[in-house]
Amino acid sequence: MTASAAPLASPSAPSATAGFRMPTRRNSELVLLLLAMVVVTAYAGAVEYALVGKVSADFWIQPFLLLLVFLATHVGLRFLAPYADPAILPAVALLNGLGVAFLRRLDLGRTSAPQRADLGALSGDGFRQLIWTLAAIIVSMVALWVVRDHRVLSRYAYTLGLTGIVLVMIPAVLPASLSEVNGAKLWIRFGSFFQIQPGEFAKILLLSFFAYYLVRKREVLALASRRFLGIDFPRGRDLGPVLLVWVLSLLVLVFEKDLGTSLMYFGMFVVTLYIATERVSWLIIGLLLFFGGAFLAYVLGAAFGGPFANFHERVIIWLDPFKDANGDGFQLVQSLLGLGTGGLFGSGPGRGIPYMADIHRFILPEVQNDFIFAGFGEEIGLFGLTALLMLYLVIAERGLRAAIAVRDSFGKLMAGGLAFTLALQVFVIVGGVTKLIPLTGQTTPFLSAGGSSLMANWLLIAMLLRVSDASRRPASVGTGGGSAPVKLAGLATEVMR
Amino acid sequence: MNAPLRRVGVVVLVLFGLLFLNLNWVQAYKADAYRTDEHNGRVQLSEYQHQRGVIAVVAGRDQVPIAKSIETNDTLKYQRQYPLNPAAYAAITGYKPVSGIPTNIERAEDDFLSGNAAALFSDRLREVFTGNKSSGGNVLLTINKNVQEKAYNDLINNNSGAKNGAVVALDPTTGAILAMATTPSYDPNLITTHDTNAASAAFNQFNKDPAKPLLNRATQETFPPGSTMKVIISAAALTDLGYNPQTVIPAGPSYTPIPGGGFTIHNAHPSICPDATITLILALTQSCNTGFAQLGVKLGADKVKAMAQGFGFEDNGLTIAGDGNKAMTVVPSHTGAMTGDNGQDDPNFVAQSSIGQKDVRITPMQGALIAATVANGGNQMRPYLIDKLQAPDLTTTSQSAPKVLRQPVNGQVAGYLQEMMESVVQRGTGTKAKIDGFRVGGKTGTAQNSEDDGDHGWFIGWVMKDGRPICAVAVFLQNAGSGGSAEATRIAGDVMKTVITERGLK
């Protein structure tokens, strides 16, 4: 393993000086977090001023609650993961806070102007999102508390993997009335009020399993048999697992009618496979398989329709959304028009028009969910959206950083996979609403309204923080909370690459 | 495993780089196009903060608005209204709905009316400094209020009971459209109401109505022209065969293009050209089918088609207002197929086409263009609806310039055609269009359409004084039945008289 940080900070180097303490950087995190909350409050204040015309005493309730929630999270990390990367929590808190503020902005926009001042701070989608944030953070803190060492997860890998597969399958086997929202069968719905997207949680569970499986099998999978065009290709019989996941993800595509989820699972697997084996050939095989499968689904959709029809239709819309601008292409067209209207600087917080003249109908459908990025785009412009993208990039790259620094292979795969998955999800949904790729029904992590997405992504962050904590913790300190390190058979003798 | 992890980091960077580049494309490069796209509801919303300009027609020495925006207390500050006889002008103004795409002039000059046009840039700039929200520009039409309303009312109250019809009146010397009426029509005010549910209900009702009130029959639909086609055949004979009005042509009570072919053309009445020959001028005056069918066959399909194209048939690009995809277009008229399976002229088809049957189809606008071209000495002027565009401060920003589109016949042939068409009105089928003290020429048409429905009635003609053309007109009455062309002729005379009065020539 390469010592990536400065020699003193190198986790493997035992500290020579007695009494030297590895800096936890918790104070940096606190400063960054406070800064993030200033930005969120300023944004929410600008929204309030634009839509209500004044900033009332009531306004301060939501920003204050957000501040409390995130400060509590910060304090929790001081105990549960003291050495965790200090940039991750502030970046996530900033995104999450902006999401709450934007949903509040939609609440206000939906209300006719004279009644806006009376819209309570403890009502609407914005407040509901705030409550979900609180719940998601509590769950994440509990997860951090239970999982003192990420390697514990590998013990339950098969259980977790199986649970993951079941969660993925549930919406597919449920009747459409209980699982379909906007053409994608990704949900479990209990009436119209409560709905969860089990796939959001499945990605973490599946990744734990992938990581475990690949740590076990990486030597075999890394064996090359044939060299073609200067690239080593694996043996035919070793293709089994990747083909299995490929078929699984295609089944997702067909039965859950969602390219994004399918792309996510498959991308997640291929990338962890690549990280584990260091064989570029796996990436090539994966890409070929995925695009081949997608193309096949498109052709089949055009020829036979049936379960492939939805995907075919999405591709047609993607190719020319303006062809049926008031019909099938409506969502994507309105998304593009909203983004275009925002231009470089946007109309300003609260000064966009995501709704129609009669105010109760939004121009941009699903602006609180799939299209929240486009909704933001109208008001904060290219510059604002670039900043949002940078936040996601910071989280993903910090996650990869933790993966590089952590000592065990399972942790590397886990953190690397999680960080990449988050980045891939952002790519899929943002690429979808900006017409880079066909539109799919993914949520925008930390921004979209909805509890399951928020909770799943916070859990993902909790696991990243856990690995990050392990990667930066001096060997002598022991695991967070002082419990004994978990011994896992085989891990000690592992060859590091 | 660290090397691939670093590479994954690069992959993530690349993915985000793609997102960033694509966002630049959408939010920077395409931003203006998207911001002003007609599907963008925000455009409408912000437009309603400004007063939209008026669309006005000529009334005597003044202009009166047929579309204007009035202030309301709604979220949308201004409401679009069509104050003056809205149904009579709907085919011209179109409508500007709150949500949805405008039509006709409202669409063709949308940017100018809303104040977004480049020509009004300085006004917008001034607005930035003064803070006053200026209104949009005004569109002044060539349409004459009294002529238009006369045409529309005559169509509505026609004596043939035709439910569908169209009238086009042009100034032959400039191409300015003086009237363009179509029936049935609709009230655009019902579509521009701020109650968007009521508006879309009204639109859907119009759109689904089998009578198709939203369709402008003057420019958007083609019909068999019947005997008005004989003007084209005459023009071809005069030009290509060197005939003059006194040239004697074969006629007779019946004509069988292919002897023993089983298909025979007759005249509308046994009293029409029963003799074996007739002069060209008399053939047109009486509307002699057998004479023109034989003349057409003698000319051949190519010459007939060429002359028809000379008069504007098959023109895909004719517009009467606006540019690009927002322009008001005229659908092309067609001569249709005249060849048989072997690729040679089929005499039956050529004969039928020569009297305006078979697959010949024209718009009423094309009919008016034929008459106008003859009246204007052979020069066909581009038809246009917009006289000038006026900035909010009432200065003219653009004035339409008349333009010669094409010259299908020379002055001499045009003179012959005038003589022949005048004869039609003086002593032939078009006597109902006579106007004392003026020279009136024209041609009637009765087009068979189907076994069940009545024939279409047509009249195309012109009026001039002292050698100067005043007005050309086409009147079309769909399925008017017998007497349809006579009623069309009467309406044409009415419309031309109104133009004369409006010009102060009487």
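1. Quick look at the overall build of chain B
Across its full length, chain B holds 18 helices and 19 strands. Long-range contacts, defined here as pairs at least 24 residues apart, represent 69% of the contacts in chain B between residues at least 6 apart.

2. Overview of unusual backbone geometry
Residue and element names in this part refer to chain B. Look at the link from Thr 183 to Pro 184: it is a cis peptide, with omega at -5°. Along the chain, Pro 184 falls in the loop between β6 (177-183) and α9 (189-192). One non-glycine residue, Asn 104, adopts positive backbone phi at about 50°. Secondary-structure assignment places Asn 104 in helix α5 (residues 104-108).

3. Some words on the pairing of strand β19 (residues 468-477) of chain B
Residue and element names in this part refer to chain B. Summarising burial for β19: 9 of the 10 residues are buried, a large majority. With 6 bridges joining them, strand β5 (residues 165-170) and β19 adopt antiparallel strand pairing. Bridged to Leu 170 within β19 is Ala 472. Of the strand pairs in this sheet, strand β18 (residues 456-465) and β19 are connected by 9 bridges, and their pairing is antiparallel. Bridge pairing links Gly 461 to Val 473 in β19. The turn linking β18 back onto β19 is made up of 2 residues, and Asp 466 within it adopts a positive phi angle of 55°.

4. So, the interface of chain A and chain B
On the chain B side, the residues contacting the 46 residues of chain A number 36 residues. Secondary-structure elements contributing two or more residues to the side of chain A that touches chain B are α10 (259-277), α13 (330-342), α14 (372-405) and α15 (409-433) of chain A.

5. Thoughts on the packing of helix α11 (residues 280-303) of chain A against helix α12 (residues 309-319) of chain A
All names here are of chain A. Packing of α11 against α12 brings their axes to within 7 Å, and their N-to-C directions diverge by 100°. It follows from the interaxial angle that α11 and α12 lie roughly perpendicular. Contacts from Ala 297, Tyr 298, Gly 301 and Ala 302 in α11 reach Ala 309, Phe 311, His 312 and Val 315 in α12. Per-class residue counts for the contact of α11 with α12 are 6 nonpolar, 2 polar and no charged.

6. Thoughts on the pairing of strand β3 (residues 78-81) of chain B
All names here are of chain B. Residue alternation in β3 divides its side chains into a buried set, Tyr 78 and Arg 80, and an unburied set, Gln 79 and Gln 81. Judged from the 4 bridges that link them, strand β2 (residues 62-71) and β3 form a sheet pairing that is antiparallel. Following the sheet pairing, Ile 70 is matched in β3 by Gln 79.

7. Observations concerning helix α15 (residues 347-354) of chain B
All names here are of chain B. Burial analysis of α15 places 8 of its 8 residues in the buried class, which makes it a mostly covered element. Along α15, the positions that sit buried rather than exposed are Pro 347, Asn 348, Phe 349, Val 350, Ala 351, Gln 352, Ser 353 and Ser 354. The secondary structure elements touched by the buried residues of α15 are α11 (230-240), β8 (254-255), β9 (265-266), α13 (289-299) and α14 (301-310). Positive backbone phi, at 75°, marks Gly 356, one or two positions downstream of α15.

8. Structural notes on the packing of helix α8 (residues 198-222) of chain A against α15(A)
Residue and element names in this part refer to chain A. The contact between α8 and α15 brings their axes to 9 Å, and the two run at 140°. Note on packing geometry: the crossing formed by α8 with α15 is right-handed. Between α8, through Lys 203, Leu 207, Ser 208, Phe 210, Ala 211, Tyr 212, Leu 214 and Val 215, and α15, the contact on the second element is made entirely by Ser 409, Phe 410, Leu 413, Met 414, Gly 417, Leu 418 and Thr 421.

9. A few points about the sheet that holds strand β4 (residues 138-144) of chain B
Residue and element names in this part refer to chain B. Taken in spatial order, the 6 strands of this open sheet run β3-β2-β1-β4-β14-β15, and their pairing is mixed. Single-partner strands in this sheet number two, and they are β3 and β15 (396-399). For this sheet, the mean angle separating the axes of adjacent strands, direction not counted, is 30°.

10. With respect to the nonpolar core
Residues Ala419(A), Ala423(A) and Leu464(A) are the most contacted members of the largest nonpolar core, which totals 151 residues. With near-sequence residues (within four places) excluded, Ala423(A) lies in contact with Tyr392(A), Ala396(A), Val12(B) and Leu15(B). Of all hydrophobic cores here, the second largest spans 137 residues; its members include Ile66(B), Ala283(B), Leu295(B) and Val413(B).

11. Regarding the confidence of the model for chain A
All names here are of chain A. Summing up the model confidence of chain A, the mean pLDDT is 81 and the portion of residues at 70 or higher is 82%. This model gives residues 1-18 a pLDDT under 50, and the stretch forms 23 contacts once residues within four places in sequence are excluded. Scored below 50 in pLDDT, residues 356-362 shows 19 contacts in the model against residues more than four places distant or in partner chains.

The rules behind these values
Residues numbered from 1 in each chain as written. Chains lettered and ligands numbered in written order. Predicted model: local features only at pLDDT ≥ 70, side-chain atom pairs only at ≥ 80, totals over all residues. Helix = DSSP H or I, 4+ residues; strand = E, 2+ residues; numbered from the N terminus. Contact = placed C-beta atoms within 7 Å. Buried ≥ 20, exposed ≤ 12 C-beta atoms within 10 Å, placed from the backbone. Pairing = 2+ DSSP bridges. Axes fitted to C-alpha atoms, helices over the stretch in contact; angles between N-to-C directions. Parallel < 35°, antiparallel > 145°, perpendicular 65-115°, else oblique. Nonpolar A, V, L, I, M, F, W, Y, C, P; charged D, E, K, R; others polar. Left-handed = near helix turned anticlockwise from the far one by under 90°. Core = buried A, V, L, I, M, F, W, Y, C linked by C-beta atoms within 7 Å. pLDDT = per-residue confidence, 0-100.

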